[in-house]
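# Structural overview for review
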Amino acid sequence: QVQLVESGGGLVQPGGSLRLSCAASGSISSIYAMGWYRQAPGNERELVAVTSPGSTNYADSVLGRFTISRDGAKNTVYLQMNSLKPEDTAVYYCNVKYYVDSHYTSRDEWGQGTQVTVSS
């Protein structure tokens, strides 16, 4: 089992910056990918960014503005969000994928979500 605790959301003006954090605990050695998703009212949850050993991917809408990073020593994944736009307003969810057995059965775990609001 993996447990996640998110922090860092809030209200910011357009053009501003925020950094989200997601700290993992539990069976952290089995984690093989960490990422961020978001869900705006009336929309489906969508991928923002994901990182795994040797690979990082971003949604086109955030490319060049958001940066995902992982601190292995702290078991934490970050999302640095710059040049924020009103359309970035959403609840942001941390996600980790991890193996639960020696057969590489994969499972997802989600954070509790943190609200990001971009408004003047």
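As the structure is a computational prediction, the values presented were derived from the model and not from experiment. (Residues numbered from 1 in each chain as written. Predicted model: local features only at pLDDT ≥ 70, side-chain atom pairs only at ≥ 80, totals over all residues. Heavy atoms only, no water.)

## Some remarks on the side chain of Thr51
Put simply, the test is: The helix count covers DSSP runs of H or I at least four residues long, the strand count covers runs of E at least two residues long, and both are numbered beginning at the N terminus. Whether a residue is buried, partly exposed or exposed follows from its accessible area with a 1.4 Å probe, protein chains only, as a fraction of its type maximum: under 20%, in between, or over 50%, in that order. Contact definition: two residues touch when any of their heavy atoms are within 4.5 Å.
Within the secondary structure, Thr51 sits in strand S5 (residues 46-52). Judged by relative accessible area, Thr51 falls into the buried class, the value being 12%. Beyond its immediate chain neighbours, meaning those up to four positions away, Thr51 contacts Ala33, Met34, Thr56, Ile68, Arg70 and Val77.

## Quick look at the state of the cysteines
Just so we agree on the cut-off: By convention in this document, the label disulfide applies to cysteine sulfur atom pairs within 2.5 Å.
Under the criterion given, the structure shown has 1 disulfide. Covalently, Cys22 is tied to Cys94 through a disulfide, its sulfur atoms 2.1 Å apart. Across the disulfide from Cys22 to Cys94, rotation about the S-S bond amounts to roughly -80°, and the bridge is consequently left-handed. With Cys22 in strand S3 (residues 18-26) and Cys94 in strand S9 (residues 90-99), the pair connects residues that are 72 residues apart, well separated along the chain.

## So, the nonpolar core
Quick note on the threshold: Here, nonpolar core means buried Ala, Val, Leu, Ile, Met, Phe, Trp, Tyr and Cys residues that are tied together by side-chain atoms lying within 4.5 Å of each other.
Core analysis: the largest hydrophobic core is formed by 28 residues, its most contacted members being Trp36, Val48, Phe66, Leu79, Met81 and Tyr92. Looking at this core, the elements with two or more residues in it are strand S1 (2-7), S3, strand S4 (31-39), S5, strand S7 (66-71), strand S8 (76-81), S9 and strand S11 (114-118). Ranked by residue count, the leading element in this core is S9, at 5 residues.

## As for the environment of Leu84
In this structure, Leu84 sits in the loop between S8 and S9. Along the backbone, Leu84 and Gly54 are 30 residues apart, and their C-alpha atoms lie at a distance of 27 Å.

## Quick word on the pattern of salt bridges
Counted only if it meets this: Here, a salt bridge means any Lys or Arg side-chain nitrogen found within 4 Å of an Asp or Glu carboxyl oxygen.
One pass over the full model with this rule turns up 4 salt bridges. Ionic pairing is found between Arg65 and Asp88, a salt bridge with its closest N-O pair at 2.8 Å. Placement of the pair is Arg65 in the loop between strand S6 (55-58) and S7 and Asp88 in the loop between S8 and S9, with a sequence separation of 23 residues. The buried category is assigned to Arg65, whose relative accessible area is 11%. With a shortest N-O distance of 2.6 Å, Asp108 and Lys97 are connected by a salt bridge. On the criterion of sequence distance, the pair formed by Asp108 in strand S10 (residues 106-110) and Lys97 in strand S9 is long-range, its members being 11 residues apart. Accessibility expressed as a relative area gives 21% for Lys97, which makes it partly exposed. Salt bridges here are not isolated pairs; linked through shared partners, they connect Arg38, Glu46, Arg65 and Asp88.

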